[in-house]
Each structure stands twice: as C-alpha cells, then as structure tokens.
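Architecture at a glance
Residue-level listing of the chains:
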Amino acid sequence: MKLLIVEDEPKIRALLSSYFEGHGHEVLTTESGEEALTLLQQHQPTLILLDLSLKGKLTGRDVLREAMQRVPESKVVVVTGLVEASDDEFKTLGASGLLRKPIELDALKQLLR
C-alpha cells in the first residue's frame, strides 16, 4: 500500500513513517499542505494520514477538500489532538475516519486491516 503522511510534527511524522514502512508499505511524508497536494497528485496514494492542524497557508480541512476532488479513490484518515473534532464532521467532508493523538498502536493496526 502507498501512504502519504501529512504531519507537521517531526516526531509523529517519523513514528508513523517508521511504523508503516516496517509493515512493508511505501510511505511518502510532508509537513505542508501545499506539498501534500503536489504529492497526492503525483503519486496517488491509497491512504492519506492527514494532520488537521497544519502550519502554513493550507489547513488540514483545505487539504481534505482538495484530496477528495483530486484523488477521490484515496482513503483519508484525519489525525488530530483536538478534543472537539468528531468523526461525523470529517466524514461529511469525505474522510474515512479519525485518528486521535496521542496515537495508539492498536489504532494503527486497525488502519492496516
């Protein structure tokens, strides 16, 4: 499986990348929404793990909207530490699910299924 990890926290990005690469997946990473749009267009990942609170011009919500238009066949899982975030909000925008920070190993295992 080809994954795109869009996460502006270097430690979390490295952890997620290492985990999925260790399970034999091809992983692309970026910290910016702008670069994420370029990567998803070029590589068309199967799964996108998208941090909601990105720094820069584009927010996670912006990237989610664009991803749904540009690569609708990709699954997007929103990653957030925001308590008020809800599955329903992001599913209406096209996300497949919500992964809460701090990220638990069991939640990552479920993503692979």
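Reference entry: report on the structure contained in this document. Because the structure is a prediction, the values reported are computed rather than measured.

Section: the packing of helix α1 (residues 10–22) against helix α5 (residues 105–112)
Where α1 contacts α5, the axes come no closer than 12 Å and their chain directions differ by 50 degrees. Judged by the angle between their axes, α1 and α5 are oblique. Pair α1 / α5 crosses with right-handed handedness. Within the contact between the two elements, α1 uses Leu 16, Tyr 19 and Phe 20 and α5 uses Leu 105, Leu 108, Lys 109, Leu 111 and Leu 112. Along the lines of polarity and charge, the residues of the contact of α1 with α5 split into seven nonpolar, no polar and one charged.

What about unusual backbone geometry?
Following Lys 101, the chain continues to Pro 102 via a peptide bond in cis, the omega torsion being -5 degrees. For Pro 102, the location among the structural elements is in the loop between β5 (97–100) and α5. Even without glycine at this site, Gln 44 takes up a positive phi of about 45 degrees. Residue classification places Gln 44 among the partly exposed residues on the basis of a relative accessible area of 47%.

Thoughts on the pattern of salt bridges
Within this structure, the stated rule accounts for six salt bridges. For Arg 65, the salt bridge goes to Asp 62, with nearest N and O atoms at 3.4 Å. One end of the pair, Arg 65, and the other, Asp 62, are both in helix α3 (residues 60–70), three residues apart, so they sit about a helical turn from each other. Relative accessible area serves as the criterion here: at 39%, Arg 65 is assigned to the partly exposed category. Judged by relative accessible area, which is 24%, Asp 62 ranks as partly exposed. One salt bridge connects Arg 70 with Glu 66, and the closest N-O pair in it is separated by 3.0 Å. Taken together, the residues span about one helical turn, with Arg 70 and Glu 66 both in helix α3 at a distance of four residues. A relative accessible area of 26% means that Glu 66 is categorised as partly exposed. By sharing partners, the salt bridges in this structure join Glu 7, Glu 9, Asp 51 and Lys 101 into a single network.

Calculation criteria
- Residues numbered from 1 in each chain as written.
- Predicted model: local features only at pLDDT ≥ 70, side-chain atom pairs only at ≥ 80, totals over all residues.
- Heavy atoms only, no water.
- Axes fitted to C-alpha atoms, helices over the stretch in contact; angles between N-to-C directions.
- Helix = DSSP H or I, 4+ residues; strand = E, 2+ residues; numbered from the N terminus.
- Parallel < 35°, antiparallel > 145°, perpendicular 65-115°, else oblique.
- Left-handed = near helix turned anticlockwise from the far one by under 90°.
- Contact = heavy atoms within 4.5 Å.
- Nonpolar A, V, L, I, M, F, W, Y, C, P; charged D, E, K, R; others polar.
- Buried < 20%, exposed > 50% of the residue type's maximum accessible area, 1.4 Å probe, protein only.
- Salt bridge = Lys/Arg side-chain N within 4 Å of Asp/Glu carboxyl O.

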